[in-house]
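The chain contents come next:
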Amino acid sequence: MNKITSFYVCYYLTQTVTSGSVSVDLTTCVLFWRALVVGGARGQHGTVPRSLLLTTDPRVSAPRSTDRCIISDCFDLEEKQMDQRGEQEEVTGMVCQEDDLKDGQMKEVTVEDKKVLLVRTQGQYSAVGSQCSHYSAPLIKGTLVGDRVRCPFHGACFNVKTGDIEEYPGLDCLPSYKVKVEDGKVYVTINKNFLKVTKRVKEMCSMAPDIKHTILLIGGGPAALVCAETLRQNCYQGRIIMITKDNLPPFDKPKLSKAMNVDSSSILLRPSEFFQQYGIDVWTQKEVVSVNTDDKKVKLSDGTLQNYDQLLISTGCRARPLSCPGSDLKGVKLLQSYEDAKEIHNSSLGQKAVVIGSSFIGMEVASYLSDKAASVAMVGSGRYPFERSLGPEIGKMSMQMLEEKNIKFYMNDRVTEIKGENGKLKAVVLKSGTVLEADVVIAGIGVIPNSDFMAGCKLEVDSQKAVIIDKFMRTNIPDVFSAGDVTSFPLAIRGDLRVNIGHWQMSQAQGRVAALNMLKKPTEFESVPFFWTVLAGKSIRYTGYGEGYTEIIFKGKVEERKFLAFYIKDDKVVAAASLMFDPAVAHVAELMTAGQILTKAQAQADDLSWLQM
């Protein structure tokens with residue numbers, strides 16, 4: 001930031017206007033500049049948005065000529081003192097020799113017990129935090145392509161020069177550190193105040209009360225949250241309202257099926273203070289029941305109306321309910337909210353649980369309950385779980401993993417009736433005639449897009465009720481955007497094939513693209529799907545879009561539970577899945593992101609050096 005410009009702002013902010021005359025307290029002005037700008041340069045202010053410091057106003061008067069020499073002296077003295085303080089507050093460590101790393105290589109080094117990711121690209125060294133901002137995975141185990149590193153576990157990506165996040169599911173950036181190469185040695189310098197800092201929130205503005213523009217976000221999931229944050233990161237100072245049916249503000253929903261008894265505070269994506277700080281209104285326990293796109297108003301379930309200038313539909317999907325007789329009995333559960341997860345956990349302890357549907361959610365719930373319920377039975381309509389999406393080999397392996405946890409499978413079958421006695425659940429009857437004793441039933445048989453509330457307007461939806469959008473997240477109605485699981489969108493890596501994908505990371509990425517296009521910053525959606533599931537403590541990772549694959553090529557052995565699978569269509573790799581084969585899937589995702597065509601021949605080759613294995 002230009003120091004004179006920033007000082008003028010502080011000069012203006014410390015002016016006292018009385019009866020048209022202006023008096024200036026230069027001491028206060030310098031102290032204010034020091035606290036905001038000098039402190040900010042060192043990452044210490046944290047709450048003062050850059051947009052405020054850069055604000056220009058015709059009412060700002062330039063410092064009088066008699067003050068200029070004083071101001072100049074203040075600058076010189078302050079910067080000299082700042083440099084002296086900086087040297088005292090920093091710690092520097094020699095971390096390696098200059099020729100230890102070649103271009104495209106990275107190394108985890110230590111400065112004062114602080115782990116740092118050191119990277120060399122294009123002959124230059126850079127240093128950033130060593131842990132992914134999502135779940136703290138070690139990035140040294142990830143994959144480096146160009147100037148960004150991708151987390152091996154869940155696919156978040158970071159620029160290695162700036163630390164900025166470039167792909168989700170993380171929310172925050174990495175801290176970046178000063179690097180110096182001198183006499184063939186590489187030195188990394190860290191401010192002592194930040195030795196324990198592992199992530200960095202992107203700089204954001206807040207709301208300006210005099211701006212009357214409103215962006216309304218329907219839904220409180222990942223798309224809405226990232227949309228709101230992206231708006232503030234790009235100096236949008238209008239009003240942002242997020243409306244959600246949930247009792248909680250945005251939370252880490254993928255954890256619900258993997259750890260069902262967590263405390264609500266541990267899964268919040270942002271604390272309430274965050275939303276207050278950046279002027280984001282979050283209305284919980286409220287539901288939009290209709291939208292008037294002509295008048296730009298939404299109606300809530302309590303009858304109130306809310307105006308908007310731009311609208312984001314990010315309502316996600318709801319769990320598909322069972323339709324068989326007895327599905328309304330007490331004890332039949334769906335997993336949709338935090339409260340649902342707690343209820344399933346509590347009602348299953350020491351009880352007979354039956355999970356209907358061998359979906360990813362169903363399998364994760366069964367895995368979680370395996371050591372908590374008295375018994376767990378799984379009912380699936382196919383031969384194996386995941387057979388359609390991951391193939392029979394991985395499906396069979398997944399089933400065996402849970403069978404070892406004493407989960408009993410009833411495949412190629414379906415539920416015809418749920419029986420009860422005095423309103424209490426007793427048994428599940430299958431088409432095969434098998435009767436399963438049950439105290440609790442959990443259904444995981446798919447989802448339905450939450451778009452019904454838009455039925456009164458001319459919004460285009462597909463046959464499954466997913467909202468149709470283009471690659472800019474625009475619907476067919478001006479100023480109405482949509483993002484997340486509720487959408488049907490063109491997927492870039494499959495030639496703009498229209499798809500509906502319920503991945504957390506895709507929802508976040510779409511929220512970002514929607515925000516940028518709301519701000520008239522044309523941005524196309526180009527993210528590559530990345531997904532993971534956890535069964536019996538093991539994570540299967542997946543990237544791409546394998547719908548319609550005709551062949552699977554395996555590396556390693558599925559039966560040994562260490563493998564990499566390539567999904568082939570038209571002699572091209574369209575997706576990849578792995579277990580205990582990191583960072584292969586992360587690297588495939590990066591190559592796909594870069595637009596590289598991966599061929600069947602590459603997948604068949606014994607040499608996997610192209611995967612950085």
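We now turn to the structure provided with this report. Predicted, not measured: the structure shown is a model, and the values here were computed from it.

## Focus on the overall build of the protein chain
When you go through the protein chain residue by residue, the secondary structure sums to 13 helices and 38 strands. Going through the 613 residues of the protein chain one by one, you find that 50% of them count as buried. Considering only contacts within the protein chain whose residues lie at least 6 apart along the sequence, 61% involve residues at least 24 apart. Roughly 27,800 Å² of accessible area belongs to the protein chain as shown, and the carbon and sulfur atoms make up 47% of that amount.

## Description of the pattern of salt bridges
Tallying each qualifying case throughout the model produces 26 salt bridges. Asp470 is the salt-bridge partner of Arg474, the closest N and O atoms lying 2.8 Å from each other. Taking relative accessible area as the criterion, Arg474 reaches 40% and is therefore assigned partly exposed. The exposure class assigned to Asp470 is partly exposed, which follows from its relative accessible area of 22%. When the shortest N-O distance is used, the salt bridge between Lys471 and Asp496 registers 3.0 Å.

## What to know about the pairing of strand 28 (residues 440-443)
Consecutive residues of a regular strand have side chains that alternate between opposite faces of the sheet. Residues Val440 and Ile442 of strand 28 are buried on one face, and the alternating residues Val441 and Ala443, pointing to the opposite face, are buried as well. The sheet contact formed by strand 21 (residues 332-334) and strand 28 spans three bridges and is parallel. Across the sheet, residue Leu334 finds its bridge partner in strand 28, namely Ala443. The sheet contact formed by strand 22 (residues 352-356) and strand 28 spans four bridges and is parallel. Paired with Val354 across the two strands is Val441, which belongs to strand 28.

## Quick notes on the packing of helix 5 (residues 222-233) against helix 11 (residues 504-518)
Remark: helix 5 packs on helix 11, axes separated minimally by 7 Å, with the N-to-C direction vectors making an angle of 35 degrees. Regarding helix 5 and helix 11, the two cross each other, and that crossing is right-handed. Residues Pro222, Ala223, Val226, Cys227, Thr230 and Leu231 of helix 5 lie in contact with helix 11, whose contacting residues are Trp504, Ser507, Gln508, Gly511, Arg512, Ala515, Leu516 and Met518. Residues of the contact of helix 5 with helix 11, tallied by class, amount to nine nonpolar, four polar and one charged.

## Description of the sheet that holds strand 17 (residues 297-300)
If you walk across this open sheet you meet the three strands as 16-17-18, and the pairing is antiparallel. Strands with a single pairing partner mark the edges of an open sheet, and in this sheet they are strand 16 (288-292) and strand 18 (305-307). On average, adjacent strands in this sheet sit at an angle of 25 degrees to one another, irrespective of strand direction. Note: strand 16 against strand 17, four bridges, orientation antiparallel. Opposite Asn292, over in strand 17, you have Lys297 as the bridge partner.

The rules behind these values
- Here the residue numbers are simple positions, counted from 1 along each chain's written sequence.
- For a predicted model such as this one, the threshold for reporting local features is a pLDDT of at least 70, and the threshold for listing and counting side-chain atom pairs is 80 or more; totals across whole chains, interfaces and linings nevertheless cover every residue.
- Note: side-chain values were computed over all heavy atoms of the structure, leaving out hydrogens and water.
- The helix and strand labels rest on DSSP assignments: H or I over at least four residues marks a helix, E over at least two residues marks a strand, and numbering proceeds from the N terminus.
- Three labels apply to residues, based on accessible area from a 1.4 Å probe with only protein chains included: buried if under 20% of the type maximum, exposed if over 50%, partly exposed otherwise in between.
- Residue contacts are defined here by distance: any two heavy atoms, one from each residue, within 4.5 Å place the two residues in contact.
- To measure how exposed things are, a 1.4 Å probe is used in the Shrake-Rupley method; for residues, cover is taken only from the protein chains shown.
- Salt bridge, as used here: a side-chain nitrogen of Lys or Arg that lies within 4 Å of a carboxyl oxygen of Asp or Glu.
- Any two strands with at least two DSSP-identified bridges between them are counted as paired.
- Every angle, taken between N-to-C directions, lies between 0 and 180 degrees, and every axis is a line fitted to C-alpha atoms, over only the stretch in contact when it is a helix.
- In this scheme, a crossing is called left-handed if the near helix is turned counterclockwise away from the far one by less than a right angle; it is called right-handed if the turn is clockwise.
- We call Asp, Glu, Lys and Arg charged. Ala, Val, Leu, Ile, Met, Phe, Trp, Tyr, Cys and Pro are nonpolar, and the rest, Gly among them, are polar.

So far we have only geometry, and geometry alone does not tell us how the molecule works.
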